[in-house]
Amino acid sequence: MRHPAFHVSAKLVGSVSSVTVFLRQCAALINARFDLPFGLPGGIVRGMDLSAFREEYLKDTLHRKDLADTPFEQFDRWFKQALESGIPEPNAMSIATATPGGCPSLRTVLLKYYDARGYVFFTNYTSRKAKELEANPEICMMLPWVTLERQIIVYGRAEKISRLETLKYFLTRPRESQLGAWVSHQSQVISTRKLLMMKLQELKRKFCEGKVPLPDFWGGYRIVPHHMEFWQGGPGRVHDRFMYTLQEDGTWGIERLQP
């Protein structure tokens, strides 16, 4: 006896789109019955239920009395603890930018240095993020220290650093990384990786007899914060969150946020 799901009327078979729908229904039925991870091209993709993935955050707590007076001091304290913990690339951070119309984009970059003025990263000034920052300098960065059950979120405005400051950093980069800054028109489409490697070899020949100069289209941004959040995971999802807010007189207010 045929399964009811396989019953097809002549009218249904009459159109290509209806046949496609029918075949996808068949694939779904087979997948569900035999637990097979396949589907038709452009059709069914089996998902995964992640609701059972759960960790209790028990490593630490965060209290108002433990916080530094400024977010820069608190950041420095937590960053040094992240270094001491041995987590990989503690300076890896996600930065979010947006177009003037509010369309966001996100990527991971490396924090290269910080002080009381802000947080500096480097990029190609023709990249998507740079174009978005030129039109809308508001930016958000996050350091996701998952193994420490911590995260730091910085809200601020991005401003270009000086060429002298950029050059000082550029000269510390390995030669291959200096060439890498030249080789890529970041975010632009390219047909194959081979073209990049050909251009890299060309640049190696061009600069073989001297130092690699600083590209005029490459440099740093400093994220100057106006809000900074420090998040510590807690048991039962009752996390500790504190927000530093820059006041008009230049001081920082501190408030606890609900998890």
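Quick summary incoming for the structure in this document. (Residues numbered from 1 in each chain as written. Predicted model: local features only at pLDDT ≥ 70, side-chain atom pairs only at ≥ 80, totals over all residues. Heavy atoms only, no water.)

**Points about the overall build of the protein chain**
Phase 1: Across its full length, the protein chain carries seven helices and nine strands.
Phase 2: Evaluated residue by residue, the protein chain yields a buried proportion of 37% over its 259 residues.
Phase 3: Long-range contacts, defined here as pairs at least 24 residues apart, represent 61% of the contacts in the protein chain between residues at least 6 apart.
Phase 4: Summed over all atoms, the accessible surface of the protein chain reaches about 16,300 Å², with 58% contributed by carbon and sulfur. (Helix = DSSP H or I, 4+ residues; strand = E, 2+ residues; numbered from the N terminus. Buried < 20%, exposed > 50% of the residue type's maximum accessible area, 1.4 Å probe, protein only. Contact = heavy atoms within 4.5 Å. Areas by Shrake-Rupley, 256 points an atom, 1.4 Å probe, with all protein chains shown as cover.)

**Considering the nonpolar core**
Phase 1: Phe75, Tyr119, Phe121, Met141, Trp145 and Ile152 are the most contacted members of the largest nonpolar core, which totals 34 residues.
Phase 2: Of all the elements, helix H3 (residues 71-85) adds the most residues to this core, at five residues.
Phase 3: If near-sequence neighbours (up to four positions away) are discounted, Trp145 is found in contact with Trp78, Phe79, Ala82, Ile87, Pro90, Arg150 and Ile152.
Phase 4: Counting 16 residues, the second-largest nonpolar core is a separate cluster that includes Phe122, Phe170, Val183 and Phe207. (Core = buried A, V, L, I, M, F, W, Y, C linked by side-chain atoms within 4.5 Å.)

**Topic: the packing of aromatic side chains**
Phase 1: Scanning all chains against the criterion turns up 20 aromatic pairs.
Phase 2: Ring geometry for Phe122 and Trp218: centres 5.4 Å apart, planes at 10°, overall stacked. Here Phe122 is found in strand S4 (residues 118-124), whereas its partner Trp218 is found in strand S7 (residues 218-232), with 96 residues between them in sequence.
Phase 3: Ring geometry for Tyr125 versus Tyr221: centroids 5.4 Å apart, planes at 85°, classification edge-to-face. Remark: Tyr221 occurs in strand S7 and Tyr125 occurs in the loop between S4 and helix H4 (128-135); sequence separation between them is 96 residues.
Phase 4: Tyr125 sits in the buried class, given a relative accessible area of 15%.
Phase 5: Assessed through its relative accessible area of 5%, Tyr221 is described here as buried.
Phase 6: Among the aromatic residues, those joined into a cluster by ring pairs are Phe72, Phe75, Phe79, Tyr114, Tyr119, Trp145 and Trp252.
Phase 7: One cation-aromatic arrangement involves Lys160 over Tyr125; the distance from NZ or CZ to the ring centre is 4.1 Å.
Phase 8: Positioned above the aromatic ring of Tyr57, the side-chain terminus of Arg237 is 5.1 Å from the ring centre. (Phe/Tyr/Trp six-rings, centres within 6.5 Å; stacked < 30°, edge-to-face > 60°. Lys NZ or Arg CZ within 6 Å of the ring centre and 35° of its normal.)

Just geometry here; none of it tells us what the structure is for.
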